Each structure stands twice: as structure tokens, then as C-alpha cells.
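# Topology and contacts: notes
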Amino acid sequence: MQLGVLHPGAMGAAVAAAARGTVLWASHQRSPATRQRAAEADLADIGTVAALAETADVIVSICPPHAARDVAVEVARTGFDGVYVDANAVAPAVAEDIAGFFTHFVDGGIIGPPPLRATTTRLYLAGASAARVAGLWEGSTLEACVLPGPVGAASALKMAYAGWTKGSAALLLAVRAYAEAAGVGDALVGEWRLSQPALLDRIDRSVPSLAAKAWRFAGEMEQIAASLDEAGLPQGFHEAAASVYGALADLKGAASPSLDDLITRLASAPDAIITGGGDG
């Protein structure tokens, strides 16, 4: 099957590069950064989304959550009759809505970093054509896993997983910012060093690296909040996490700032919510 990808951000380019055979993409109106990533991943430029839809048997959408529906609508308007895979961090209800635009649809969810080496990243797939799509990455650095559930199952798994990993990272940042604002930042770090060394290690080692991607995580937290609400569970945890990431959204593409810089920023504007844009 001929595979096309929309659009090759850092994750999309790596997922495409891991697939078997030549992978197509559409460069029309994409940014220089996106074009460079596509070139580095050795993707074949077919020009427009319409041309991609005419040529590809499978199209995989990997984009910021807030853009997932718009990308799907653009593809659906071309009359695409192949398999459309939405692999975005969206609520199951959004995946089900997008499925209605296509005759053949697979729900996807990516867990892990860009798959530059084996065993780090899984692409979970659900839907009637999931097994066929999974075969495109057989033997690659990306493990494609078929879920037995219906459309929405892969998105639900992604929401649950990211709800903890990225949600708890936002909570750690918020708590540190609060302690700093209250004048007990050093005391909190000292207590963590005594009683929660793993927590201290996590915030020192991994949380600052999230800053450059916070513009995208704000929307993801909103999708998780909507998912929990749909299930009758409290959504406030992740609405607050969206606020934390939103306050860092203008750091998109920046070098990782220091943890102190992030804490100072949050302590001065803890309620800021900024919606990030696409990656070009």
C-alpha cells in the first residue's frame, strides 16, 4: 500500500521514515522547517493534498490536536476513498466524528518519542483496517499495535496515558511555581530531596524539556479534559494542566529553558492560557 503523511512535524517525519517503502507528503503551503524535516526523512513530495489523496492508499494524519478535524475535512473534500488514519492526541468523541468523513477509517494513538530507535514508541490502532495499516511498519523502529476495541479505543488509550504523564508533569510545575511564589521553594526542594528523590529527579531531568512542546500540550490537555467529562469524571485536573502549558506556549521551538526560568514564568502568570498554532 502507498502511504502518505500529513504533516511531517518532528513526530510525523519520524513515523513516516520508519514505514516500509516510499512515503508521500504534500509540500503546498508548508513551512521551510517542515520541508527540511521531510527532506531529511527522505519523503517524496507530491505537491498538494489533492494529489496525495489521489495517489495514496493510506493517509496518516499527525498534527497538533486542535488541527486534527480541519486536516481530516481537507482530505475528505478531495473524495479520498482509501484508509484514513487519525493518529492525533484527540478525545475518542473527536476520533468518532472524524471517522464519519471516511468510508475506511482507523483510529490511532502514538505513545513515546519520535521512533528513532526500536522499543521506544508504539502506534496503537483500532478499526476494521487496523491490521492492514499496522503492516506498513512491520519490522521497523515503530511498533504498530492493533487494539481489539472499536474506533475510539486507540484515542482513549492515548488520553489515559498522556493524562498521567503530561498531566502529572504540569502538576509538578504548578506545585513548584506555587512554592516559589509562597517563598518556600528551597524548603520544598529540600523536603523532596529527603522524602521524594525520584520526584525531584523527574522534575530536574525531564520537565524542562517539555517547554518547547507546551504549545501543543495545552490542546492535548483540553482533549483529555473533554474525554474525562464524557465519561462522567472530573475534568478540572486537565483544564488546569492546559493552563500551565498555555502559559509556556510562546516557548515553541526554543531551546530548553532552565527549570528556574519556567517556575518564575508560571509563578508570575499561573492562569495564562495560550492556544498554540500548527507546526507549519
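Turning our eyes to something else, we now look at the environment of Leu142. In this structure, Leu142 sits in strand β8 (residues 142-146). Those residues in contact with Leu142 that lie beyond four places of it in its chain are Val15, Ala18, Pro115, Thr121, Arg122, Leu123 and Trp137.

With an omega dihedral of -10 degrees, the bond running from Leu6 to His7 counts as a cis peptide bond. Positionally, His7 belongs in the loop between β1 (3-6) and α1 (10-18). You will see that Gln29, though not glycine, has its phi angle at about 65 degrees, which is positive. Considering the arrangement of structural elements, one finds Gln29 in the loop between β2 (23-25) and α2 (32-40). Judged by its relative accessible area of 67%, Gln29 is exposed.

What follows deals with the pairing of strand β5 (residues 83-86). Neither face of β5 is left uncovered, since the one carrying Val83 and Val85 and the one carrying Tyr84 and Asp86 both have all their residues buried. With four bridges connecting them, strand β4 (residues 58-61) and β5 associate as parallel partners. Of the residues in β5, the one forming a bridge with Val58 is Val83. Where β5 meets strand β6 (residues 104-111), four bridges bridge the pair, whose relative direction is parallel. Each bridged residue has a counterpart across the sheet, and for Tyr84 the counterpart in β6 is Phe105. A crossover connection joins β5 to the parallel β6 through helix α5 (residues 92-99); in handedness this β-α-β unit is right-handed.

This part takes up the packing of helix α7 (residues 153-181) against helix α8 (residues 185-195). At a closest axis distance of 7 Å, the pairing of α7 and α8 adopts a crossing angle of 130 degrees. Classified by the angle their axes make, α7 and α8 are oblique. Residues Leu172, Val175, Arg176, Ala179 and Glu180 of α7 lie in contact with α8, whose contacting residues are Gly185, Leu188, Val189 and Trp192. Taken together, the residues that form the contact of α7 with α8 break down as six nonpolar, one polar and two charged.

Looking now at the sheet that holds β1. Read from one edge to the other, the open sheet built from eight strands follows the order β3-β2-β1-β4-β5-β6-β7-β8, with strand pairing classed as mixed. The open sheet has two edge strands with one neighbour each: β3 (44-45) and β8. The pairing of β6 with strand β7 (residues 121-126) spans five bridges and is antiparallel. Along β7, the bridge assignment pairs Gly108 with Leu125. Together, β1, β4 and β5 form the strand contacts of helix α4 (residues 68-76), whose direction differs from that of β5 by roughly 170 degrees. Of the strands in this sheet, β5 and β6 are in contact with α5, which crosses β6 at around 150 degrees.

With 31 residues, the main nonpolar core has Leu173, Ile203, Tyr245, Leu248 and Leu266 as its most contacted residues. Where this core is concerned, the elements lending two or more residues are α7, α8, α9 (197-205), α10 (214-230), α11 (236-246) and α12 (259-268). Judged by nonpolar contacts, the second largest core, of 29 residues, contains Ala16, Val60, Ile110 and Val133.

Both faces of β1 are covered, namely the face carrying Leu3 and Val5 and the face carrying Gly4 and Leu6. Relative to β2, β1 is paired through two bridges, and the arrangement is parallel. Residue pairing for β2: Leu3 is matched across the bridge by Val23. Pairing geometry for β1 and β4, over four bridges, is parallel. Paired with Leu6 across the two strands is Ser61, which belongs to β4.

What counts as what
- One numbering rule holds for all chains: residues counted from 1, following each sequence as written.
- This being a predicted model, a pLDDT of at least 70 is required before a residue's local features are given, and a value of 80 or more before pairs of side-chain atoms are given or counted; all residues contribute to the totals for chains, interfaces and linings.
- The basis for the side-chain values is all heavy atoms of the structure; hydrogens and waters are excluded.
- Each helix corresponds to a stretch of at least 4 residues labelled H or I by DSSP, and each strand to a stretch of at least 2 residues labelled E; elements are numbered beginning at the N terminus.
- Note on definitions: a residue-residue contact is assigned when non-hydrogen atoms from the two residues lie within 4.5 Å.
- Exposed residues in this analysis have more than 50% of their type's maximum accessible area, buried residues have under 20%, and partly exposed residues fall in between, with area computed by a 1.4 Å probe over protein chains only.
- Each pair of strands is called paired provided DSSP finds at least two bridges between the two strands.
- Handedness of a crossover: with both strands directed away from the viewer, a clockwise path from the first strand across the helix to the second marks it as right-handed.
- Axis definition: a line fit to C-alpha positions, over the contact stretch in the case of helices; interaxial angles, taken between N-to-C directions, run 0 to 180 degrees.
- Note on terminology: angles under 35 degrees are roughly parallel, angles over 145 are roughly antiparallel, angles of 65 to 115 are roughly perpendicular, and the others are oblique.
- Three classes are used: nonpolar for Ala, Val, Leu, Ile, Met, Phe, Trp, Tyr, Cys and Pro, charged for Asp, Glu, Lys and Arg, and polar for all others, with Gly counted as polar.
- Nonpolar core, defined: a set of buried Ala, Val, Leu, Ile, Met, Phe, Trp, Tyr and Cys residues in which side-chain atoms within 4.5 Å join the residues together.

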